[in-house]
Amino acid sequence: MRSHQIGEARITRVEEVLERGFKPSFLFPDLDRDALFERHPQLAQANFYDAEQDRLMSSIHSWLIRIGGKIVVVDTCSGNGKTRALPLFARFHMLDFPYLDNLAAAGVRPEEVDYVFCTHLHIDHVGWNTRRDGEAWVPTFPNARYLFGRTEYDHWVGGSGPAIFPENVAVVEDSVLPVVAAGLVKLVDDGDEILPGLTVHRAPGHTEGHMALRYTSPEGSFIVTGDCMHQPIQIYAPEINSCFCEKPEEARRTRRAILDWCAEEGALLMPIHFGWPHAGFVRRDGAGYRFEPLETAAG
Ligand SMILES: [Zn+2]
């Protein structure tokens, strides 16, 4: 498993799964796929798209960030053994993936994790917050402080989230509320600093309170973007939202702001669902952008 050093931060991708995900016509209802693939054939390469099955390659992973001896896990995938709404969430239902083995291969035991940060509270970003213990769901990272955006938390607990997306209610119940009950949660707001140089920022649109995590230093910077974009397609066509984006106009504004920031800063873009190599740089290209994938060994 390859890691990258950026300033004082060491980053490692921890995979839950890399698989054929949704069909482009389902995930991106407004996408003119053929026209985009013709203009940018690199988007139709096998690491991003399975032409035979007409499915987008979808990774679900965490980003592990180590700074000054502290360990942060950003987004916790889908989790094992969880009952999910069918048929919509068949991809996430009763999984049995070796996520904790992959974390161990990155040199980390769950009890060593200091912070867990969830960009938002959707099914594939909170799952490993908890694991099954008999009949109960208990915190997977018992010594961590779990950081959730305050607006996002309020959106799902007492807000409009459950009405907008009822299939996600069970997710909040088994993967969010148990860590709240365990007293491990701290709600965070725009601009809060987790560790030196590592700050959370409002990135609304995909969900009401979606947040991104930025690291800046004189030696380099990066941003974990959660679901502000799902596929490299959206770097070339930033107006394209996923079918799961709650607020279309805000999602577009946020996406463009992130792309601008990455291009200006030379920051590494670290999404949660891009196919190999899973991260890269954003360059300006005329009035738009292009993607420069981070070339790494697999993993
Ligand atoms: Zn997601």
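What comes next is a walk through the structure. It should be emphasised that the depicted structure is a prediction, and the values quoted were computed from it without experimental measurement. What you see as residue numbers is a count from 1 along each chain, following the sequence as written. Local features are withheld for residues below a pLDDT of 70 in this predicted model, meaning they are given only at 70 or higher, and side-chain atom pairs are given and counted only at 80 or more; totals for whole chains, interfaces and linings count all residues.

1. Description of the pairing of strand β14 (residues 220-224)
At least two bridges found by DSSP between two strands is the condition for calling them paired. Working definition: helices are DSSP H or I runs of at least four residues, strands are E runs of at least two. Numbering for both runs from the N terminus. As judged from the 5 bridges shared by strand β13 (residues 211-217) and β14, these two strands associate in the antiparallel manner. Its bridge partner lying in β14, L213 is registered against V224. What sits between β13 and β14 in their antiparallel hairpin is a turn of 2 residues. Strand direction decides the pairing type here: β14 and strand β15 (residues 268-270), joined by 3 bridges, are parallel. Residue V224 lies in a different strand from β15, and its bridge partner there is M270.

2. Digging into the sheet that holds β13
Read from one edge of the open sheet, 7 strands run β11-β12-β13-β14-β15-β16-β17, paired in mixed fashion. Edge positions in the sheet fall to β11 (193-195) and β17 (288-293), since each of these pairs with one other strand and no more. Going from strand to strand, the sheet's axes swing by 30 degrees on average, the running direction of each strand aside. To define axes, lines are fitted to C-alpha atoms, for helices over the stretch in contact only, and angles between the resulting N-to-C directions are given on a 0 to 180 degree scale.

3. Overview of the environment of Y99
With respect to the helices and strands, the residue Y99 is situated in helix α3 (residues 99-105). When the C-alpha atoms of Y99 and I67 are compared, they prove to be 22 Å apart, with 32 residues separating the residues in sequence. Excluding residues within four positions of it along the chain, Y99 makes contact with E16, C77 and W128. Contact between residues is assigned whenever the C-beta positions, reconstructed from backbone atoms, fall within 7 Å.

4. Thoughts on the pairing of strand β8 (residues 136-139)
Where strand β7 (residues 130-133) and β8 come together, 4 bridges link them in antiparallel fashion. Note on β8: the bridge partner recorded for T130 is P139. Turn length for the β7-β8 hairpin, with the two strands adjacent in sequence and antiparallel, is 2 residues, and the turn residue G134 shows positive phi of about 65 degrees.

5. Some thoughts on helix α9 (residues 248-265)
For a helix, the expected span equals 1.5 Å multiplied by the residue count minus one. Here α9 spans 26 Å end to end across 18 residues, near enough to the 26 Å set by a 1.5 Å rise per residue. All of the buried residues along α9 are A251, T254, R255, I258, L259 and C262. Viewed along the axis of α9, the buried residues span an arc of 135 degrees, placing them on a single side of the element. In α9, those exposed residues whose orientation departs by more than 90 degrees from the buried face are E249 and E264. Buried-residue contacts for α9 involve β13, β14, α8 (233-236), β15, β16 (280-285) and β17. Immediately beyond the C-terminal end of α9, within one or two residues, lies G266, with a positive phi of roughly 70 degrees. We call a residue exposed when 12 or fewer other C-beta atoms sit within 10 Å of its C-beta, buried when the count reaches 20 or more, and partly exposed for counts in between; the C-beta positions come from the backbone. This arc corresponds to the set of directions leading from the helix axis out to the C-beta atoms.

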